[in-house]
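Survey of secondary and tertiary structure
Chain by chain, the residues:
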Amino acid sequence: MRRPLALAILAVLLPVLTGCGLRSGAAVSESGWTDKVDQTLGAAISSLGTTEVVLKNQANGHLTRSYVVVAVRDSQRTLAKEVQTFGSKQPPASKVADKRTAMRALGHALAVLDSASNAASGADIAARRTALLEVERTYQELSTLQTRLTGGGG
Amino acid sequence: MKKLLSLALGILTAIGGFVDIGDLVVNAQVGARFDLSMGLVVAVGVLGICVFAEMSGRVAVCSKRPTFDLVRERLGPRMGLLNLVASLIVTALTFVAEIGGVALALALISSVNPLLIVPLVGLMVWLVLWRAKFSLMENVLGLLGLALIVFAVALWKLGPDWGDLGHQMFTAAKPGDETWTTYAYYAVALFGAAMTPYEVFFFSSGGVEEGWEEKDLSTMRANVFVGFPLGGLLSLAIAGCASTLFGPLGVDVASLSQVALPVGVALGKIGLAVVLVGFVAATFGAACETGLSTGYSLGQYFGWQWGKYVKPGGATRFHLVLVVATFLAVGILMTGVDPILVTEASVVGSAVALPLTYFPILVVANDKDYMGEHINGPLANALGTVYLVLVVLAAVAALPLLVITGMGS
Amino acid sequence: MDDRFAMDNRLDGQALDAALHLLDRQVIDEDGLLVCKVDDLEISFYDFGSPPAVTRILTGPAALVPRMSSRTGHLLRKRWISLGVQYADRDVPLAISLDHVVHLGSGVHLDVSREGLLDRQPPPDDGVRIRRLGELLGMKVESNHPELRGKVLDVRLEPVEGRYLLRHFVVGPGRPGSLLGYDRGDFNGPWLVAVVVERLHRHIRLASCANVSEADIDWDAGVVHLREDTTVDDVSFD
């Protein structure tokens, strides 16, 4: 009874642990880095896209105010978390400049979401419209950037 | 007439109670990323829970013994304990996710920080578990859960290309930018979301709670074979909505607010209000079910009096477990952990723990001593064996896939 | 049949298997309320005359914990005792007399109320030595008979007025799935599972043990010596 049990536990833990070891490896390969960039910019696009839909429908009177406030805040939080992990990653030597570009774009996206959040909870219709336009523009910019940095994938 | 009404009520609550936080989140995520290419996985999962629930309901009726009694009896105390620990972890995780889900849904209504709502939800859940009558709890929350049908209306209003959706579903057309490993990971997650072990603890223990007799077998079957598939259609509608709205924008679903968004877009404020009521009912109902399930499984393993069919004073240990479980769940949520993350972990955990309860039920359903004339027929056994292989495969693959894909990112 | 009971009473039958039909079952009182599990069973060995018999249901942590630990060493049991060294009866389980059992089906039904029912297992009378079934299960079998190999997997009992006489040992290689019951010919069922379990347990046999005395069993080493006159039979019921 004892030995098969131990073996079973080992059989479960081994792939898990090796998997963890593989993932937390410090040196990021070039393709691994591209995946990471793709994922993070994808998260930014996702947050901006959601916010765009939310703001548009707020303008149409489709959504309640409390919902809009929470939904935009959720987008902000999701992106902030992604950006934080991305910032702590060390890129391969050839991609340092790329990371700087990406980080700048991500910082801009966060700022845009922040002002969108303020506008959405406020009563100023004009400010909301500006925020929506800004979100739409940033969404486009990030899509272009994602294509450029990841070589067309995603 | 009265019988017909109670039959309809049973089916309606089965539909409304089918969807829980795991179904909501995972179906929306999968819909946004994979369109409807995993529709068949949902179908397989729903048929699986039908087979499994019908069998455990039948076993509960015939043997008057719920699931965990049989687990210990058939696997012995050691394997049974291992099973208990694994199932408890998964059920508790689901309980945490459901309470978190209620808080998130209430936050969408009130825009109050969910952390402030969590203790209140915990208190409410505990009060219901302590005081409310079992049938009242099931019926009210199940009927309110029907509000989620609004997803089907929203999908129709969003006007997707139905031919496209059908094509994606029946050809399992994986989008080009996703890998097969991520596809497999989400397939396992969907499977785990449809076939959670707690549903079976709850279903079989609930049969004992409500004193099902042999004459109730046909009602039980109707609930399972009509109610669950219709509940499964709701899952598909959620995925379809997410696919239609988010797919073209490249949006990933990472929060409960996003799950509700398609309904708001399609149906406006009223639709949004209805779907939020549905969220609260579905997650609150599932929170009660998972909470009870922690008490059921512990009580049934150790032989304590369990259940709401006796007064709380007659089942004190059971109710103590419920108090402790609720405190624990609220405590975990108060650390600020993201309930969506807990949900994702719980559905994968469900896939891992499923064979542990599935297998003993399948064996007992073939025991002539217990089952008499209601023993598994050839069809039930054929399906049962196919699903035994499937649940074992999913269980073995779940953890490696989780690690390799980094939770599907 | 009383509709409280899910199935026929096994006590009306000729024989039942202790581990398969009695151990780990739910105990239910006269009002249908739940009492405890059958965590273990007391076996009495008599110095004179009568064959060994199962005499009490044992329950509580003191009964369950030793069954969790491996046969040799009893590590968990020692830990359990060390958690409460000041209690004299730490190692003495709670007991229910088999006289109270009126129906044995999917559960064990008693004819008394659960309130104040469980008391510590009393010490044995003179000329009686008590052991637990949990100790016996899993013991190695030593015999000259060529077909008896492996371990004690179960004990077949004959119910006789409040005592269940030990009649046979179920002996076979200790492979998983014995409690599923496929090996006793009890039921058929999903083909895949039945085939696997039957194949694993094809060496299982029934050995008579009515004349086994306590001295034939080495409780410390975990070995049962079966005598020359042991008869061997097929394990399925009838």
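A quick note: this is a predicted structure, and the numbers were derived from the prediction, not measured. (Residues numbered from 1 in each chain as written. Chains lettered and ligands numbered in written order. Predicted model: local features only at pLDDT ≥ 70, side-chain atom pairs only at ≥ 80, totals over all residues. Heavy atoms only, no water.)

**Structural notes on the overall build of chain C**
A count of helices and strands for chain C gives five helices and 17 strands. When burial is assessed residue by residue, chain C has 51% of its 238 residues classed as buried. For chain C, the exposed surface amounts to about 10900 Å²; the carbon and sulfur share of it is 50%. (Helix = DSSP H or I, 4+ residues; strand = E, 2+ residues; numbered from the N terminus. Buried < 20%, exposed > 50% of the residue type's maximum accessible area, 1.4 Å probe, protein only. Areas by Shrake-Rupley, 256 points an atom, 1.4 Å probe, with all protein chains shown as cover.)

**Looking at the interface of chain C and chain B**
Taken residue by residue, the interface counts 34 residues in chain C and 35 residues in chain B. At the junction of chain C and chain B, the tally comes to four salt bridges. Our count for the chain C to chain B interface comes out at twelve residue pairs in polar contact (both at pLDDT 80 or more). Residue assignment for the side of chain C that touches chain B shows that the elements contributing at least two residues are β2 (26-28), β3 (34-37), α2 (61-68) and α5 (191-200) of chain C. The leading source of residues in the side of chain C that touches chain B is β3 of chain C, at four residues. (Contact = heavy atoms within 4.5 Å. Salt bridge = Lys/Arg side-chain N within 4 Å of Asp/Glu carboxyl O. Polar contact = N/O pair within 3.5 Å; in protein donor to acceptor, adjacent residues only side chain to side chain.)

**Re the interface of chain B and chain A**
Listed as interface residues are 30 residues of chain B and, on the opposing side, 30 residues of chain A. Buried area between chain B and chain A, summed over both chains or domains, comes out near 2500 Å², and the portion from carbon and sulfur atoms is 66%. The tally of links between chain B and chain A comes to one salt bridge. Put simply, Lys81 of chain A and Asp338 of chain B hold a salt bridge, and the shortest N to O gap is 3.8 Å. Run the count over chain B and chain A and you get nine residue pairs in polar contact (both at pLDDT 80 or more). Residue contributions to the side of chain B that touches chain A peak at nine residues, all from helix α12 (residues 256-302) of chain B. Looking at the side of chain B that touches chain A, its residues break down into 15 nonpolar, eleven polar and four charged. (Buried area = accessible area lost by both parts, 1.4 Å probe. Nonpolar A, V, L, I, M, F, W, Y, C, P; charged D, E, K, R; others polar.)

**A word on the domain arrangement of chain C**
Interface size is commonly expressed as the accessible area that is lost once the parts come together. Residue and element names in this part refer to chain C. For chain C, the domain assignment lists domain 1 (10-133) and domain 2 (138-233). Taking the mean C-alpha position of each, domain 1 and domain 2 sit 20 Å from one another. Each partner contributes residues to the interface: domain 1 has 29 residues there, and domain 2 has 31 residues. Roughly 2400 Å² of surface becomes buried between domain 1 and domain 2 when both sides are summed, with 60% attributable to carbon and sulfur atoms. Between Asp17 and Arg156 there is a salt bridge whose closest N-O contact spans 2.6 Å. Counting across the interface, domain 1 meets domain 2 through eight residue pairs in polar contact (both at pLDDT 80 or more). Where the side of domain 1 that touches domain 2 is concerned, the elements lending two or more residues are β1 (16-17), α1 (18-22), β4 (40-46), β5 (53-59) and β10 (128-132). (Domains from an automatic or database assignment.)

**Structural notes on the sheet that holds β2 of chain C**
Residue and element names in this part refer to chain C. The four strands are arranged β3-β2-β8-β7 in an open sheet whose pairing can be described as mixed. Sheet topology places β3 and β7 (101-104) at the edges, where each strand pairs with a single neighbour. Across the sheet, the mean angle separating the axes of adjacent strands is 25° when strand polarity is ignored. (Pairing = 2+ DSSP bridges. Axes fitted to C-alpha atoms, helices over the stretch in contact; angles between N-to-C directions.)

**Here we look at the packing of helix α11 (residues 217-246) of chain B against α12 of chain B**
All names here are of chain B. Where α11 meets α12, the axes come as close as 9 Å, and the angle between the chain directions of the two elements is 75°. Judged by the angle between their axes, α11 and α12 are roughly perpendicular. From α11, Ile238, Cys241, Ala242, Leu245 and Phe246 reach across to α12, where they touch Gln258, Val259, Leu261, Pro262 and Val265. (Parallel < 35°, antiparallel > 145°, perpendicular 65-115°, else oblique.)

**What to know about a nonpolar patch on the surface**
Together, Val389 and Leu393 of chain B together with Trp191, Leu192, Val195 and Val196 of chain C line one region of the surface with nonpolar side chains, adding up to about 580 Å² of accessible area. Residue assignment for the nonpolar patch shows that the elements contributing at least two residues are α16 (378-405) of chain B together with α5 of chain C. At four residues, the largest contribution of residues to the nonpolar patch is made by α5 of chain C. Among the residues examined, Val389 of chain B registers a relative accessible area of 42% and is labelled partly exposed. (Patch = residues over 30% accessible without salt bridge, like charges linked within 9 Å, V, L, I, M, F, W, Y side chains within 5 Å.)

**Considering the environment of Val121 of chain B**
Residue and element names in this part refer to chain B. With respect to the helices, strands and loops of the structure, Val121 is situated in helix α5 (residues 114-131). Since its relative accessible area comes to 3%, Val121 is described here as buried. Here Val121 is in contact with Ile99, Val102, Ala103 and Leu106, once residues within four sequence places are set aside.

**Let's talk about the pairing of β3 of chain C**
Here β2 of chain C pairs with β3 of chain C via three bridges, running antiparallel. Its bridge partner lying in β3 of chain C, Val27 of chain C is registered against Cys36 of chain C.

**Describing the nonpolar core**
Phe151, Val275 and Phe279 of chain B are the most contacted members of the largest nonpolar core, which has 173 residues in total. Per-element tally for this core: the top contributor is α12 of chain B, with 18 residues. Residues Phe45, Met139, Leu157 and Ile217 of chain C belong to the second largest nonpolar core, which totals 43 residues. (Core = buried A, V, L, I, M, F, W, Y, C linked by side-chain atoms within 4.5 Å.)

**A short note on a negative patch on the surface**
Taken together, Glu30, Asp31, Asp99, Asp111 and Glu115 of chain C make up a surface patch of like negative charges. Overall, Asp99 of chain C belongs to the exposed group, its relative accessible area being 56%. (Lys, Arg positive; Asp, Glu negative; His and termini not counted. Charge placed at Lys NZ, Arg CZ, Asp CG, Glu CD.)

**Side note on the pattern of salt bridges**
Residues and elements named next belong to chain A. Evaluation of the coordinates by the stated rule reveals 26 salt bridges over all chains. Of the charged contacts, one joins Lys56 and Glu136 as a salt bridge, the two residues approaching to 3.8 Å between their closest N and O atoms. Pair noted here: Lys56 is in helix α2 (residues 30-59) and Glu136 is in helix α5 (residues 125-150), with a separation of 80 residues, a long-range link. Classification of Lys56 by relative accessible area gives partly exposed; the value is 38%.

**A look at the packing of helix α3 (residues 65-87) of chain A against helix α4 (residues 67-110) of chain B**
The N-to-C vectors of α3 of chain A and α4 of chain B enclose an angle of 125°; their axes lie 6 Å apart at closest approach. What the angle tells us is that α3 of chain A and α4 of chain B run oblique. In contact with Ser66, Tyr67 and Val70 of chain A of α3 of chain A, α4 of chain B contributes Ala107, Leu108, Ile109 and Ser110 of chain B. Its residues assigned to classes, the contact of α3 of chain A with α4 of chain B shows five nonpolar, two polar and no charged.

**Side note on the confidence of the model for chain A**
In this model, chain A carries a mean pLDDT of 80, and residues with pLDDT of at least 70 account for 81%. Within chain A, the lowest mean pLDDT, 61, falls on helix α1 (residues 2-23) of chain A, and the highest, 88, falls on α3 of chain A. (pLDDT = per-residue confidence, 0-100.)

**A look at the packing of aromatic side chains**
All names here are of chain B. Under the counting rule described, the total for this entry stands at 18 aromatic pairs over all chains. Ring geometry for Phe203 and Trp212: centres 5.6 Å apart, planes at 70°, overall edge-to-face. When sorted by exposure, Phe203 lands in the same class as Trp212, which is buried. Aromatic rings pair up to connect Phe34, Trp180, Tyr183, Tyr185 and Tyr186 into one cluster. Taking NZ or CZ as reference, Arg72 lies 5.0 Å from the ring centre of Tyr301, over its face. (Phe/Tyr/Trp six-rings, centres within 6.5 Å; stacked < 30°, edge-to-face > 60°. Lys NZ or Arg CZ within 6 Å of the ring centre and 35° of its normal.)

**Things to note about the side chain of Glu199 of chain B**
Residues and elements named next belong to chain B. Looking at where Glu199 falls in the secondary structure, it is placed in helix α10 (residues 197-209). For the buried Glu199, which has no salt bridge, the nearest side chain bearing the opposite charge is Arg58, at an N-O separation of 17 Å. Residues contacting Glu199, with those up to four places away along its chain left out, are Phe18, Ile49 and Ala194.

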